[in-house]
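Architecture at a glance
So the chains spell out like this:
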Amino acid sequence: MSKLAKILGGRKAKAVGAGFETAVLTQALREGLFPIKWPDGCRRIPGPMKMIPVKTLFDFTIFVDSKMICIDTKTFEKNTLTKGDLVEHQINALATIQERGFVSGYLVYFRKLN
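In what follows, the accompanying structure is described. Bear in mind that the values here come from a model prediction, so they are computed numbers and not experimental data.

Section: the side chain of D59
Here D59 is to be found in the loop between β3 (50-54) and β4 (60-64). K37 provides the closest opposite charge to the buried, unpaired D59, separated from it by 4.0 Å. Once residues within four sequence positions are removed from consideration, D59 is found in contact with E21, I36, K37, W38, I71, D72 and T73.

What follows is the structure, given as structure tokens:
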């Protein structure tokens, strides 16, 4: 695969993922829930005004009644999900949230199903 094809594929995947996140946010609002979409973060590194992007632990916190739900959204072209598709720091964060009695997990959109 050429470098250009990888770049274009990455842009398409990012756009599809953003569309799925928008759909999740819109549906949560329609259902009368209180969703918070966490933006990607950044971290300052030594040097004059040098910032680097940092991924957040998950995409959404949704409040319903007195409950809190933390979810990370994933979008795949394939129809399976393996542990290799997930990020370890997210798995650990979501597991820690569950250990403390809250609901957390992944919301997955498989674009191509058989």
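Here the narrative resumes.
Things to note about the pattern of salt bridges
Where side chains of opposite charge bring their charged atoms close, a pairing between them can arise. According to the stated counting rule, one finds 5 salt bridges in the structure shown. Measuring nitrogen to oxygen at the nearest pair gives 3.2 Å for the salt bridge that ties D72 to K74. Residue D72 is classed as buried on the basis of its relative accessible area, which comes to 2%. With a relative accessible area of 14%, K74 lands in the buried category. Put simply, D85 and K78 hold a salt bridge, and the shortest N to O gap is 2.8 Å. By relative accessible area, K78 is classed as partly exposed at 34%.

Points about the nonpolar core
Soluble globular proteins: nonpolar side chains tend toward being buried together. Counting 6 residues, the largest nonpolar core is built from F20, V24, A28, F60, I62 and I71. Mapped onto this core, the elements with two or more residues apiece are α1 (3-30) and β4. For this core, the element with the highest residue contribution is α1, accounting for 3 residues. If we skip the residues at most four places from it in the chain, F60 touches E21, V24, L25, I36, K37, W38, I69, C70, I71 and T73.

Some thoughts on the environment of S104
Residue placement: S104 occurs in strand β6 (residues 103-110). Not counting residues up to four positions away in its chain, the partners in contact with S104 are C70, L94, I97 and Q98. At 2.6 Å, the side chain of S104 forms a polar contact with the backbone oxygen of L94.

Comments concerning the packing of aromatic side chains
The full count for this structure, using the stated rule, is 3 aromatic pairs. A centroid spacing of 6.2 Å and a plane angle of 25 degrees characterise the contact between F76 and F110, whose relative ring orientation is stacked. One end of the pair, F76, is in strand β5 (residues 67-76); the other, F110, is in strand β6, and 34 residues separate them in sequence. For K37, the ring lying beneath its charged end belongs to F60, and the centroid distance is 5.6 Å.

Focus: unusual backbone geometry
Of note in this structure, D65 is not a glycine but carries a positive phi near 55 degrees. With respect to the helices and strands, D65 occurs in the loop between β4 and β5.

The rules we used
- Residues numbered from 1 in each chain as written.
- Predicted model: local features only at pLDDT ≥ 70, side-chain atom pairs only at ≥ 80, totals over all residues.
- Heavy atoms only, no water.
- Helix = DSSP H or I, 4+ residues; strand = E, 2+ residues; numbered from the N terminus.
- Buried < 20%, exposed > 50% of the residue type's maximum accessible area, 1.4 Å probe, protein only.
- Lys, Arg positive; Asp, Glu negative; His and termini not counted.
- Salt bridge = Lys/Arg side-chain N within 4 Å of Asp/Glu carboxyl O.
- Contact = heavy atoms within 4.5 Å.
- Core = buried A, V, L, I, M, F, W, Y, C linked by side-chain atoms within 4.5 Å.
- Polar contact = N/O pair within 3.5 Å; in protein donor to acceptor, adjacent residues only side chain to side chain.
- Phe/Tyr/Trp six-rings, centres within 6.5 Å; stacked < 30°, edge-to-face > 60°.
- Lys NZ or Arg CZ within 6 Å of the ring centre and 35° of its normal.

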